[in-house]
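Breakdown of the fold
Spelled out from the first residue to the last, the chains are:
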Amino acid sequence: MEPATEQDEVRVWRRRRWLGLSGKLLLLTIPLVLIAEVLIYVPAIANFRLNRLNDRLAAANTAALVLDASPSGMVPESLARDILDSIGARAVAIKMGQQRRLLASGELPPQIDHDVDMRSVTPWEAIVDSFEVMFESGNQAIRVIGPAPGGGQFLEVVVDELPLRQAMYRFSSNLLLVSLTIAILTAALVYLALHFLFVQPMRRLTANLVGFHQNPESAANIIVPSQRTDEIGVAERELSDMQRDLVSMLHQKSRLAALGLAVSKINHDLRNLLASSQLLSDQLASVPDPRVQRFAPKLMRSLERAIAFCQSTLSYGRAQEAAPDRRMLLIEPVVNEVRETAGLASDASITWVSSIERGLSIDADPDQLFRVLLNLVRNAAQALEGHPPSDAGIQQIRITGRREGAVAIVEVSDTGPGVPQKARAHLFEAFQGSVRAGGTGLGLAIAAELVRAHGGDIHLVEGTIGATFRITIPDRPVELLTIRGERARA
């Protein structure tokens, strides 16, 4: 079975998008609306039943006053029936002291099925009794007890349950219709508001992430942030900055890959040419001329270094530099060789100042230390060459060296224009730290990599004239057992 491709994943995501945030929001809104309906309906139906029974008691109070005011408490049977029909009751009675008096009665039921005392009913009892009434069938008789007018103890009204149940059904249907209408409108407004405020921007972010994942090197897939100031707006702006940085990084990696390929192609032919030059320099070393004998070793050394650089494919194109072959060496001969190689020994326009402690030694790889100093000196010379002569004053390159305990410190400074502020953030990064038009920034990047391989540090010193780079390289820790073994062998 073949694994799913990115296009298949995108199609599956599009088919299931209805069940994304928008679908989940809809599924969440429906039960919330139903819960709101229940919370509204339960107390409303209980309150409706109590209000209906209170209305019967209020009407019975009025009828009790009329019936009690009749001569001798006797009223015509037809009038009593009309009064009972008007209040929807079968009988009305009042208790006065120890005597219970039947004020009016019609067709009395054979038994009373439920008693409701309105004087002491609780909310929970009201809710339970309301649902019992709605779930029952038939026409039961209910005796409702409430406060009596005048000096009576209580008033009793016998009513039918069926009219009350039917009224509760009508109220329930009307309440359900109205509340559902309100709930649906509210839910729709909430859904639309959340959809446009959150779901739609999240869909936009998701679609952009999917498109950017398919082609992360295209700047056209970078999201355009909206003007929102909330968390989604912040997320859009951060995503845009991250995508822009990633596109720039991928372009830089592509350039590095192309550079590595180009270097690999020219490395073979360049190495052969340098090997031929080395053979010629060997023959030149046999010439007895004193001047030739003076410069031939330096020429051979330079060719050997060039061949070594080509052999390692410029070193920087590889994953990392070779581990340094460290040894204790005097730094002053290395500095003199750097000056001659950079062509500053015969350059009268730039003053060379070497202020190195006498006999200063450093624990470093001689070739790598030479490369570090040569890159810094060449950068300084290029900065001075680009400085206008009218503003140059004394054009000077100064190298100082000292030792602080087990740490050797070397500084390379110049009196040029200094390092621009915008270049300092990426000063030691390849292709980003160049301060000169047409420069690549590889010199400082290589120097920093070589210094860090020695366990040291290189940084730009602030507050100096021109630019000053300080290199600190600590000595390797010495194992006492090794020294004792060497002394014992000696």
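Just so it is clear, the model here is predicted, and its values are computed rather than measured.

Some thoughts on the overall build of the protein chain
Per the secondary structure count, the protein chain includes twelve helices and twelve strands. For the protein chain, the proportion of its 490 residues judged to be buried stands at 34%. Counting only contacts in the protein chain whose residues sit at least 6 apart along the sequence, the fraction spanning at least 24 positions is 68%. Here the protein chain displays about 29700 Å² of accessible surface, and carbon together with sulfur accounts for 59% of that area.

A closer look at the packing of aromatic side chains
Scanning the model with the defined rule gives three aromatic pairs in all. Where Phe131 meets Phe135, the ring centres are 6.2 Å apart and the plane angle is 35°; that geometry is what we call tilted. Here Phe131 and its partner Phe135 are both found in helix 4 (residues 123-135), four residues apart, which amounts to about one turn of the helix. Three or more aromatic residues link up through ring pairs in this structure, and these residues are Tyr41, Phe131 and Phe135.

A word on the pattern of salt bridges
Taken as a whole and assessed by the stated rule, the structure comprises 13 salt bridges. The salt bridge partner of Asp241 is Arg244, with a shortest N-O separation of 3.3 Å. Placement of both Asp241 and Arg244 in helix 6 (residues 231-284) is noted, with a separation of three residues, approximately one turn of the helix. Using a relative accessible area of 37% as the deciding quantity, one classes Asp241 as partly exposed. Its relative accessible area of 42% is what places Arg244 among the partly exposed residues. The salt bridge involving Asp475 is made with Arg403; its shortest N-O contact spans 2.8 Å. With Asp475 in the loop between strand 12 (467-474) and helix 12 (480-489) and Arg403 in strand 9 (residues 396-404), this residue pair connects regions lying 72 residues apart in the sequence.

Considering the side chain of Ser130
Tracing the backbone shows Ser130 in helix 4. Of the residues examined, Ser130 reaches a relative accessible area of 1% and is grouped as buried. Setting aside residues no more than four positions away along its own chain, Ser130 makes contact with Ile45, Ala46, Arg49 and Met168.

Focus: the packing of helix 9 (residues 366-385) against helix 11 (residues 442-453)
Helix 11 packs onto helix 9 with a crossing angle of 150° between their chain directions and a minimal axis gap of 9 Å. In terms of axis orientation, helix 9 runs roughly antiparallel to helix 11. Helix-helix and strand crossings are classified by hand; for helix 9 and helix 11 the assignment is left-handed. Touching Gln368, Arg371, Val372, Asn375, Leu376 and Asn379 of helix 9 are Gly443, Leu444, Ile446, Ala447, Leu450 and Val451, all from helix 11. A breakdown of the residues in the contact of helix 9 with helix 11 according to their chemical character gives seven nonpolar, four polar and one charged.

Quick word on empty space enclosed by the protein
One pass over the structure, following the stated rule, counts one cavity of 30 Å³ or more. Considering only enclosed or pocket space, the largest cavity measures out at about 40 Å³ in volume. Along the walls of the largest cavity sit Ala364, Gln368, Leu369, Val372, Leu450, Val451, His454 and Ile473, which together make up its complete lining. Only helix 9 and helix 11 provide two or more residues apiece to the lining of the largest cavity. In terms of residue count, the dominant contributor to the lining of the largest cavity is helix 9 (three residues).

Quick notes on the packing of helix 8 (residues 331-341) against helix 9
Relative orientation of the contacting elements helix 8 and helix 9 amounts to 45°, with a least axis distance of 9 Å. The angle between helix 8 and helix 9 places the two elements in the oblique class. Note that helix 8 runs across helix 9; the crossing there is right-handed. Here helix 8 contributes Ile331, Val334, Val335, Glu337, Val338 and Thr341 to the contact with helix 9, which in turn contributes Leu369, Phe370, Leu373, Leu374, Val377 and Arg378. Of the residues contributing to the contact of helix 8 with helix 9, the split by class is nine nonpolar, one polar and two charged.

Overview of helix 11
An α-helix turns once every 3.6 residues. As a result, residues three or four positions apart point the same way. With twelve residues, helix 11 ought to run about 16 Å at 1.5 Å a step, and its terminal C-alpha atoms sit 16 Å apart, in line with that. Judged by how many residues are buried, helix 11 sits mostly within the fold: nine of twelve residues are covered. The elements touched by buried residues of helix 11 are helix 9, strand 11 (457-460) and strand 12. Once helix 11 finishes, Gly455 follows within two positions and takes phi at roughly 80°, a positive value.

Side note on the nonpolar core
If you look at the biggest cluster of nonpolar residues, it comprises 44 residues, and the most contacted ones within it are Leu373, Phe469 and Ile471. The greatest single-element share of this core, amounting to ten residues, is contributed by helix 9. Setting aside anything within four residues of it in sequence, one finds Phe469 in contact with Leu376, Val410, Glu411, Val412, Val419, Leu427, Phe428, Leu444, His459 and Leu460. Counting 30 residues, the second-largest nonpolar core is a separate cluster that includes Val116, Met134, Val159 and Met168.

Details of helix 9
Given a rise of 1.5 Å per residue, 20 residues ought to cover 28 Å, and the 28 Å separating the end C-alpha atoms of helix 9 matches this to within 8%. Two or three places before Asp367, at the opening of helix 9, Asp365 has a side-chain oxygen 3.0 Å from that residue's backbone nitrogen.

Some thoughts on the confidence of the model for the protein chain
Averaged over every residue, the pLDDT of the protein chain is 77; the share at 70 or more is 71%. Counted against residues more than four places away or in other chains, residues 314-319, with its pLDDT under 50, gives 13 contacts.

Here is what the cut-offs are and how they apply
- Every chain is numbered on its own, with residues counted from 1 as its sequence reads.
- Note on the predicted model: pLDDT of at least 70 is required for a residue's local features to be given, and 80 or more for side-chain atom pairs to be given and counted; whole-chain, interface and lining totals, by contrast, use all residues.
- Only hydrogens and water are set aside when side-chain values are computed; all heavy atoms of the structure are taken into account.
- Every helix listed is a DSSP run of H or I at least four residues long, and every strand listed is a run of E at least two residues long, numbered separately from the N terminus.
- For the exposure calls, accessible area comes from a 1.4 Å probe over protein chains only, and a residue counts as buried if that area is under 20% of its type's maximum, exposed if over 50%, partly exposed in between.
- We call two residues contacting when some pair of their heavy atoms lies within 4.5 Å.
- Note on areas: Shrake-Rupley, 1.4 Å probe, and residue coverage restricted to the protein chains presented here.
- Working definition: rings of Phe, Tyr and Trp (its six-membered ring) pair if their centres are within 6.5 Å, and the pair is stacked with planes under 30 degrees apart, edge-to-face with planes over 60 apart, and tilted otherwise.
- In the sections that follow, a salt bridge refers to a side-chain nitrogen of Lys or Arg positioned within 4 Å of a carboxyl oxygen of Asp or Glu.
- For helices, the fitted axis covers only the stretch in contact; all axes are lines through C-alpha atoms, and the angles between them, taken along N-to-C directions, range from 0 to 180 degrees.
- By definition in this entry, angles of less than 35 degrees are roughly parallel, angles greater than 145 are roughly antiparallel, angles of 65 to 115 are roughly perpendicular, and the rest are oblique.
- Handedness of a crossing follows from how the near helix is turned relative to the far one, being left-handed for an anticlockwise turn of less than a right angle and right-handed for a clockwise one.
- Three residue categories are used. Nonpolar comprises Ala, Val, Leu, Ile, Met, Phe, Trp, Tyr, Cys and Pro, charged comprises Asp, Glu, Lys and Arg, and polar comprises the others, including Gly.
- Within this scheme a cavity is a closed region of a 1 Å grid, computed over the protein atoms alone, that accommodates a 1.4 Å probe without allowing it to escape, whereas a pocket is open but has protein on both sides within 12 Å along at least five of seven lines; lining residues each have an atom within 4 Å of a point.
- Grid points are joined across faces, edges and corners, and a volume is the space filled by probe spheres set on the points.
- Here the expected length of a helix is defined as 1.5 Å per residue gap, with one fewer gap than residues.
- In plain words, nonpolar cores are sets of buried Ala, Val, Leu, Ile, Met, Phe, Trp, Tyr and Cys residues tied together by side-chain atoms within 4.5 Å.
- Definition of a polar contact: a pair of N or O atoms within 3.5 Å, with one able to donate and the other able to accept a hydrogen when the atoms are protein atoms, and with sequence-neighbouring residues admitted only if both atoms are side-chain atoms.
- Scored between 0 and 100, pLDDT is the confidence that the predictor attaches to each residue.

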